[in-house]
Every structure is written in C-alpha cells, then in structure tokens.
Amino acid sequence: MLTFEEKEAIIQEFAELTRREVSMKRVNYHYEDSLYEKTTVIYHLHPNGNGFVYVGDLPQYEAADDKGLLNIREASAEELRKIIKDSIAYLSTEEEELLDEEVEEEWKNKEDSKLTLLQEDTLWNIYHGYNLEESFGSYDEAKSYLLEEGFRLVGKK
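This write-up is about the structure you can find in this document. These numbers come from a predicted model, not from an experiment. (Residues numbered from 1 in each chain as written. Predicted model: local features only at pLDDT ≥ 70, side-chain atom pairs only at ≥ 80, totals over all residues. Heavy atoms only, no water.)

### Observations regarding the sheet that holds strand 2 (residues 27-31)
Each strand in a sheet pairs with its neighbour through backbone hydrogen bonds, running either in the same direction (parallel) or in the opposite one (antiparallel). With respect to topology, 5 strands assemble into an open sheet ordered 1-2-3-4-5, the strand pairing being antiparallel. A strand with exactly one partner marks an edge of an open sheet, and here the two such strands are strand 1 (17-21) and strand 5 (69-71). Along the sheet, successive strands turn relative to each other by an average axial angle of 20 degrees, direction set aside. Across 5 bridges, strand 1 lies against strand 2 in antiparallel orientation. The residue of strand 2 that forms the bridge with leucine 17 is tyrosine 31. Relative to strand 3 (residues 40-45), helix 1 (residues 4-11) is tilted by about 165 degrees, and along the sheet it contacts strand 1, strand 2 and strand 3. Running at roughly 30 degrees to strand 4 (residues 52-54), helix 2 (residues 77-91) makes contact with strand 1, strand 2, strand 3, strand 4 and strand 5 of the sheet. (Pairing = 2+ DSSP bridges. Helix = DSSP H or I, 4+ residues; strand = E, 2+ residues; numbered from the N terminus. Axes fitted to C-alpha atoms, helices over the stretch in contact; angles between N-to-C directions. Contact = heavy atoms within 4.5 Å.)

This is the structure in structure tokens:
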C-alpha cells in the first residue's frame, strides 16, 4: 500500500488539481475546470492512506459506491495515476461525447456462458450470439441486470 505522502506526490503530478484541506487531517483535490457541478476528484485522502477517487459511473470501475467513489487504499502507483486520469477525463467530457462512443462489452458467468452488451443508438442491448436477449434504456440498468444474473465483465471491444 502506498503511504499518504506517496499518494500525495502522485496526485500532485496532476497540475490541474487544487488541494483543499478538510477535517481530521484529510485532504480533497478538486478539478476546477470540470464541466459539471462535481469538481472533487480526490475525496478525503487520509494520513492512514485511505481515500477515494470520483469515477462516476464509468463502467470499468464497478467497485465504485453509489456516489461514484472508488476506494484507493490498496491502489498501486500505476493504478492511482490511471484512476485519476480517468476521473479528470470523465469530468471534462461532454455527456454527448460519451454517448457517441460505441460500447461493446463481453460478459461471462460461472458456466462460461457469454453475453454481449452493445450500445446501439440510445439503447443498451444484450445479445446471446446474434439473438437479442434484453434491451435497456441505460447502461446502469443493463449492468445491474447482468450482475443480478451472475455475469461479470470480461472485456471491451
């Protein structure tokens, strides 16, 4: 686990972040150029090494909580840099731009059955081979369905 000082050194590599001290010796880092009301990238970095990075609903961070915060206590230096970079990109990208990127993900369950989650226009469709299994209005709905059915994300195409 990286120490508080090591994490701060990595975070300070991102000149676009502004450091703000909060209660109990914790520190937040803000991205003031955010296109959204949300500006906090690093939340409650504590001297014990615990802290969070805001990743919103980025699909590659399924361990994030309901507020879009990902715990970085055990993150390596490389992982921390990537998470911060993704957070800044998320806060500096228009929502329409995010929708323009076609998303295709492969999901598998314990029995090795494979489903494909594909964004098509405004819908999130789940396919078994060429057969349409389900269709959802948002990525979160589709993801929830897949997780409830015992599937896990394998990769993106």
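Structure's up, so let's keep going.
### Some words on a negative patch on the surface
The grouping of Glu133, Glu134, Glu148 and Glu149 at the surface amounts to a negative patch. Tracing the backbone through its elements, the reader meets glutamate 149 in the loop between helix 4 (139-148) and strand 10 (152-156). (Patch = residues over 30% accessible without salt bridge, like charges linked within 9 Å, V, L, I, M, F, W, Y side chains within 5 Å. Areas by Shrake-Rupley, 256 points an atom, 1.4 Å probe, with all protein chains shown as cover. Salt bridge = Lys/Arg side-chain N within 4 Å of Asp/Glu carboxyl O. Lys, Arg positive; Asp, Glu negative; His and termini not counted. Charge placed at Lys NZ, Arg CZ, Asp CG, Glu CD.)

### Examining the pattern of salt bridges
On inspection of all chains with the given rule, the structure shows 7 salt bridges. Among the salt bridges present, the one from aspartate 86 reaches lysine 82, with a minimum N-O distance of 3.0 Å. Here aspartate 86 and its partner lysine 82 are both found in helix 2, 4 residues apart, which amounts to about one turn of the helix. Accessibility expressed as a relative area gives 15% for aspartate 86, which makes it buried. When its relative accessible area of 46% is taken as the criterion, lysine 82 is described as partly exposed. Between lysine 108 and aspartate 112 there is a salt bridge; the shortest N-O distance is 3.7 Å. (Buried < 20%, exposed > 50% of the residue type's maximum accessible area, 1.4 Å probe, protein only.)

### Some details on the nonpolar core
Counting residues in hydrophobic clusters, the biggest one holds 28 residues, and the most contacted among them are Leu17, Val41, Ile42, Val53, Val55, Leu80 and Ile84. A total of 6 residues in this core trace back to one element, the largest contributor, which is helix 2. If we ignore the near neighbours within four places in the chain, the residues touching leucine 80 are Leu2, Lys7, Ile10, Val53, Ile72 and Ala75. Counting residues in each nonpolar core, the second largest holds 11 residues, with Trp107, Leu117, Ile126 and Leu146 among its members. (Core = buried A, V, L, I, M, F, W, Y, C linked by side-chain atoms within 4.5 Å.)

### A short note on the side chain of lysine 7
You can see lysine 7 is positioned in helix 1. Of the side chains with opposite charge, glutamate 74 comes closest to the buried, unpaired lysine 7, at an N-O distance of 7.3 Å. Here lysine 7 is in contact with Met1, Leu2, Leu45, Gly49, Ile72, Arg73 and Leu80, once residues within four sequence places are set aside.

### Some thoughts on the packing of aromatic side chains
Each aromatic ring pair is summarised here by two numbers: the centre-to-centre distance and the angle between the ring planes. According to the stated counting rule, one finds 4 aromatic pairs in the structure shown. Seen from their ring centres, tyrosine 43 and phenylalanine 52 are 6.5 Å apart, and the 50 degrees between their planes marks the pair as tilted. The aromatic ring of tyrosine 54 is capped on one face by lysine 38, whose charged end is 4.8 Å from the ring centroid. (Phe/Tyr/Trp six-rings, centres within 6.5 Å; stacked < 30°, edge-to-face > 60°. Lys NZ or Arg CZ within 6 Å of the ring centre and 35° of its normal.)

### Comments concerning helix 2
For helix 2, which comprises 15 residues, the first-to-last C-alpha distance of 21 Å matches the rise-based estimate of 21 Å (1.5 Å per residue) to within 8%. For helix 2, every residue scored as buried is listed here: Leu80, Ile83, Ile84, Asp86, Ser87, Ile88, Tyr90 and Leu91. (Expected span 1.5 Å × (residues − 1).)

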